[in-house]
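Per-entry structural report
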2 protein chains.
Amino acid sequence: MTTDRRVNGAHLVRLLGDWRNGPLPTAHAGLASRLRLLILDGRVPLHTRIPAERELAEALGVSRTTVAAAYERLRSDGFLVSRRGSGTWTHLPPAGVSAAGPVATLGDGLLDLAHAAAPAPEEYLHAAAETAVTQLARFLPTHGYDPLGLVELRSAVADRYTARGVPTTPDQILVTGGAHHAFALALRALTTPGDRVVVEHPTYPNALEAIRWAGCRPVPVPFGPDGWDLEMFDATIRHANPRVVYLVPDFQNPTGFYMSAADRAAVVETTTRSGTTLVVDETVAELWLDRPPVTPVGLDAVLTTGSTSKAFWGGLRVGWLRATPAMVRRVGAARASMDLSSPILEQLMAAALVPRTLEVVSARRAWLRDARARLRSRLATRLPSWTLNSPAGGLAFWVDLGAPVSSSLAIAAEQHGVALAAGPRFGLDGAFERYVRLPYTLEPSSADEAVDRLAAAFLAVVEDPRNTRSASGVEMDVSRAARLT
Amino acid sequence: MTTDRRVNGAHLVRLLGDWRNGPLPTAHAGLASRLRLLILDGRVPLHTRIPAERELAEALGVSRTTVAAAYERLRSDGFLVSRRGSGTWTHLPPAGVSAAGPVATLGDGLLDLAHAAAPAPEEYLHAAAETAVTQLARFLPTHGYDPLGLVELRSAVADRYTARGVPTTPDQILVTGGAHHAFALALRALTTPGDRVVVEHPTYPNALEAIRWAGCRPVPVPFGPDGWDLEMFDATIRHANPRVVYLVPDFQNPTGFYMSAADRAAVVETTTRSGTTLVVDETVAELWLDRPPVTPVGLDAVLTTGSTSKAFWGGLRVGWLRATPAMVRRVGAARASMDLSSPILEQLMAAALVPRTLEVVSARRAWLRDARARLRSRLATRLPSWTLNSPAGGLAFWVDLGAPVSSSLAIAAEQHGVALAAGPRFGLDGAFERYVRLPYTLEPSSADEAVDRLAAAFLAVVEDPRNTRSASGVEMDVSRAARLT
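Remember, it's a predicted structure, so these values are computed and weren't measured experimentally.

The next point concerns the overall build of chain A. Secondary structure assignment for chain A yields 17 helices and 16 strands. Within chain A, the proportion of its 485 residues that are buried is 59%. Long-range pairs, those at least 24 residues apart, make up 72% of the contacts in chain A between residues at least 6 apart in sequence. Of the accessible surface of chain A, which amounts to about 18,500 Å², a share of 53% is contributed by carbon and sulfur atoms.

What follows is about the sheet that holds strand 10 (residues 277–281) of chain B. All names here are of chain B. In spatial order, the strands read 5-12-11-10-9-6-7-8; together these eight strands make up an open sheet with mixed pairing. Two strands bound the open sheet, and with one partner strand each, they are strand 5 (173–176) and strand 8 (227–228). Pairing of strand 7 (residues 217–224) with strand 8, which is carried by two bridges, proceeds in the antiparallel orientation. Within the sheet, the bridge partner assigned to Phe223 lies in strand 8 and is Trp228. Packed on one face of the sheet, helix 10 (residues 261–274) meets strand 9 (244–247), strand 10 and strand 11 (302–307) and runs near 145° to strand 10.

The subject of this paragraph is the interface of chain B and chain A. Across the contact, 59 residues belong to chain B and 60 residues belong to chain A. In total, chain B and chain A occlude about 5,600 Å² of area from one another, counting both sides; carbon and sulfur atoms represent 65% of this. The tally of links between chain B and chain A comes to zero salt bridges. If you look at where chain B meets chain A, you find 12 residue pairs in polar contact (both at pLDDT 80 or more). Secondary structure elements with two or more residues in the side of chain B that touches chain A: helix 5 (122–136), helix 7 (179–190), helix 8 (205–213), helix 11 (325–334) and helix 12 (344–353) of chain B. By residue number, the principal contributor to the side of chain B that touches chain A is helix 5 of chain B, which donates seven residues.

Okay, the pairing of strand 16 (residues 435–439) of chain B next. All names here are of chain B. Most of strand 16 sits inside the fold, with five of its five residues counted as buried. Residues of strand 16 alternate between two faces, with Tyr435, Arg437 and Pro439 on one and Val436 and Leu438 on the opposite face, all of them buried. Note: strand 14 (residues 396–400) against strand 16, five bridges, orientation antiparallel. Across the sheet, residue Asp400 finds its bridge partner in strand 16, namely Tyr435. The pairing of strand 15 (residues 418–422) with strand 16 spans two bridges and is classified as antiparallel. Note that in strand 16 the partner of Ala421 across the bridge is Arg437.

Residue and element names in this part refer to chain A. Examined against the element boundaries, Arg160 turns out to sit in helix 6 (residues 151–163). The buried category is assigned to Arg160, whose relative accessible area is 16%. In this structure the C-alpha to C-alpha distance between Arg160 and Thr357, which are 197 residues apart in sequence, comes to 8.1 Å. Arg160 has contacts with Glu286, Val354, Thr357 and Leu358, leaving out every residue within four places of it along the chain. A polar contact of 2.8 Å, which involves the side chain of Arg160, links it to the side chain of Glu286.

Let's shift gears to the pattern of salt bridges. Residue and element names in this part refer to chain A. Following the criterion strictly, the structure yields 38 salt bridges over all chains and no others. In this structure, the salt-bridge partner of Asp452 is Arg382, at a minimum N-O distance of 2.9 Å. Remark: Arg382 occurs in helix 13 (residues 357–382) and Asp452 occurs in helix 15 (residues 444–463); sequence separation between them is 70 residues. Judged by its relative accessible area of 22%, Arg382 is partly exposed. If you follow the salt bridges from partner to partner, you end up with Arg374, Arg378, Arg382, Asp448 and Asp452 in one network.

Quick look at unusual backbone geometry now. Of all residues except glycine, most have a negative phi; of all peptide bonds, most are trans. Note the cis peptide between A:His201 and A:Pro202, where omega equals 10°. Tracing the backbone through its elements, the reader meets A:Pro202 in the loop between strand 6 (196–201) and helix 8 (205–213). Phi at A:Asp429 is positive, roughly 60°, even though this residue is not glycine. Note on placement: A:Asp429 falls in the loop between strand 15 (418–422) and strand 16 (435–439). Classification of A:Asp429 as exposed rests on a relative accessible area of 81%. Its identity is not glycine, yet B:Phe432 carries a phi of approximately 75°, on the positive side. Relative to the helices and strands, B:Phe432 resides in the loop between strand 15 and strand 16. Looking at B:Phe432, the relative accessible area reads 2%, which means it is buried.

Residues and elements named next belong to chain B. In contact at an axis separation of 10 Å, helix 7 and helix 8 are set at 25° when each is read in the N-to-C sense. On the basis of the axis angle, helix 7 is roughly parallel to helix 8. When you trace helix 7 past helix 8, the crossing you get is right-handed. Contacts from His180, Phe183, Ala184 and Leu187 in helix 7 reach Asn206, Ala207, Ala210 and Ile211 in helix 8.

Further remarks concern helix 5 (residues 122–136) of chain A. Given a rise of 1.5 Å per residue, 15 residues ought to cover 21 Å, and the 21 Å separating the end C-alpha atoms of helix 5 of chain A matches this to within 8%. Within the span of helix 5 of chain A, buried status applies to A:Tyr124, A:Leu125, A:Ala128, A:Ala129, A:Ala132, A:Val133 and A:Leu136. Down the axis of helix 5 of chain A, the smallest arc covering the buried residues is 165°, so these residues share one side. Opposite the packed face of helix 5 of chain A, turned more than 90 degrees from it, sit the exposed residues A:Glu123 and A:Thr134. The secondary structure elements touched by the buried residues of helix 5 of chain A are helix 12 (344–353) and helix 13 of chain A together with helix 5 and helix 12 of chain B.

This paragraph deals with the confidence of the model for chain A. A low pLDDT means the predicted coordinates there should not be read in detail. Overall, the predicted model of chain A reaches an average pLDDT of 87, with 89% of residues at or above 70. Confidence over residues 470–485 of chain A falls short of pLDDT 50; this stretch has 29 contacts with residues more than four positions distant or in other chains.

Okay, the pairing of strand 12 (residues 319–322) of chain A next. All names here are of chain A. A two-sided burial pattern is seen for strand 12, the buried positions comprising Gly319 and Leu321 on one face and Trp320 and Arg322 on the other. Across four bridges, the pairing between strand 5 (residues 173–176) and strand 12 is antiparallel. Bridging across to strand 12, Val175 finds its partner in Trp320.

Reading the values: the criteria
Residues numbered from 1 in each chain as written. Chains lettered and ligands numbered in written order. Predicted model: local features only at pLDDT ≥ 70, side-chain atom pairs only at ≥ 80, totals over all residues. Heavy atoms only, no water. Helix = DSSP H or I, 4+ residues; strand = E, 2+ residues; numbered from the N terminus. Buried < 20%, exposed > 50% of the residue type's maximum accessible area, 1.4 Å probe, protein only. Contact = heavy atoms within 4.5 Å. Areas by Shrake-Rupley, 256 points an atom, 1.4 Å probe, with all protein chains shown as cover. Pairing = 2+ DSSP bridges. Axes fitted to C-alpha atoms, helices over the stretch in contact; angles between N-to-C directions. Buried area = accessible area lost by both parts, 1.4 Å probe. Salt bridge = Lys/Arg side-chain N within 4 Å of Asp/Glu carboxyl O. Polar contact = N/O pair within 3.5 Å; in protein donor to acceptor, adjacent residues only side chain to side chain. Parallel < 35°, antiparallel > 145°, perpendicular 65-115°, else oblique. Left-handed = near helix turned anticlockwise from the far one by under 90°. Expected span 1.5 Å × (residues − 1). Arc of directions from axis to C-beta. pLDDT = per-residue confidence, 0-100.

The following block contains the structure:
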């Protein structure tokens, strides 16, 4: 970090180009976004001193406040560092932070393809909220803390497991703030720092975050072309001796793979034999689209997580863990390190909704089938060089871009008003640059518009010569990319 | 333990106070008894080096033989260890009883004195829920995830800070699942395993849990008889070089101490000078009972946590962090390792309640003043051997039981139908066996009944010969205990 490299105001203004003409609502957000792209693309090299706020403000003809806010945002994201007396320098945040693009917030004007989550089934949610408010009165005289969850909700969730073929009692259910929260709690209760946790590769990004924060090491098992590679899985368990295995057998996130009953039995046998705890994430298990599912695994040795987020609505933060009663109490006791308990009103809403799972998800399945077909068709027309998988359930395609440009695409997409989860978010060490996850969860008109913007973003990426000479050394299949219309 | 913490002769003399004026026949027995209490109460922290025999003898003006005999007695009881060439250190013998009380759940039939949380102000909660349900419709077409929190709520919280004298903008507020969740997230964003985190001793038990789970080491600073011992605080900061300091200056949990404006300024100066991040927990700051509070600290260097749990209701799981916009984004980004975002309906309820803080808490203050007076009076009648502190705000008494029987009392209380948080839950290494926290948050008739049951439980404890010959070797003041009716 001792170079004297710097870029002056006039130079940076040229590099920034037409930064105002973007979809972002505020000038400082637009400026920050463009500057981030320049740093990520290496057009402003790392460890380069950039102009002082006042100098750039004058060169751009904007207020110093705008530049200060943009710099501050980039500092907080790790793209800039400032030191008193020596100015502001470009920097790159630790891997895993940068590739994803920004955290999308509600109402920031971006079309959100970063979250695989559909709008709520409004009439059901509204009715459940009305019911919950009526029942709330009963709980207001209490202090409101209930670490394991309201018995009303634990019973409803247990009944739903029983209906799916796995007899379950309420004391086998721990209420959490979502399936991911249930997994994070299970890690707390089961692991100690340094433990290994086997994951599919690619896998759910926040699972990797939780594993790292537990001080554990994620050990990836790759997929074969048609799904789980059980030979590799067995060998990994033998060699890594993991404490926990985390799997998403139902419409795996992000690949969409679905595990057969025979493979599930084999996995359970392997983990049981090795004394490893198997955590099965059933977040989207109810959202099968093409054929009814196999009966879930309900063995004592297996912990199952689920939630209302995908079958009902992401704005309802209720999930659960299914385990033995003893394990439920053990994992519940770990919660105090993180938060205290789940909100009463949310739990009452979920308790009203879970018994209606079948009617809600059957309507939702029809909606998702249509959305899946429409997105597939639109992508085939507008981005024909992309190769889609065929998920039999769940909420997203896993798309082969034909070239390792996913992170660049995510950045360009943001410039075009689309939030995207780049492939490397789902992997370790920068893998999956050729892939992007595309949810079919937007309303039809928004989805169409998002594809059009993606096509424009992709064109910008492939026309940029720096992307066909990618840093990873993989050459892009330009003939296929050029076919896009 | 390899800390360099030590207490010198002059400081220990101040802590010992009027040790000669006790019932014990010999000077060395009196000195040992007083020193044992200081260790048990955490006022001389564990693993602290105490003065050499000669130094303390000179400082006290007694013979070296007296000090040597006292030290020898404490060594044989396990409260001190000496190592040739490196001095004498405080230590605590293994506890005979588990420190933790039971986990109370709603509706388990126990009168709950383990949680310091009052019933909801029902009409306000109900109105807020109705309002929130009306507004929910606006969010149902979205996916419902908003990692930093709804702008409606962030604005309401910012406005409340501004009204309290600390100008605050919405982008300085991160919405969380409670004040404790905000602290856990701040630890994730700020610390790496092995870092030290300074805490008051005693302190909020779940804060200790969060610190341990972050892989950090809690470093306790004891209180003096009237509040914070700033001399000890400064010395601890200097020696421990902590990454974070966690303080509850407003009606500290559990001691009820209230920090003066001058002491706050001194603490901020110390932490700022040492580059330590100060996290101030304002969970009960709005619940002053005797006199209006000082203006909160609103400096950029200080992170503040708060919640709706105590001012409104514990069943509403909404809290926040106040920090710089950059820090808000940084801490928000850490959330994905734990859970995803806060429920929309809860946030809408909180956004409806927070602007009404003043009217809600003024009614609540009146309720709590009555409850505090009633509990004090009932305890004076039924358990006259207990010594209560005088909290000027907050939700609980910190009660000196007169004997180190808190864990035994918690167990006996559960058998008598009362859930209790034993003193050692609030400390490290088994300290505070003489204390119990008693909230004045139950409805009057329940509170009266709880005291009656506690009196029966205490009688059972003191009549059990195992407790008067306690494992820790501390002799109980049976004459005082016997006064209970």
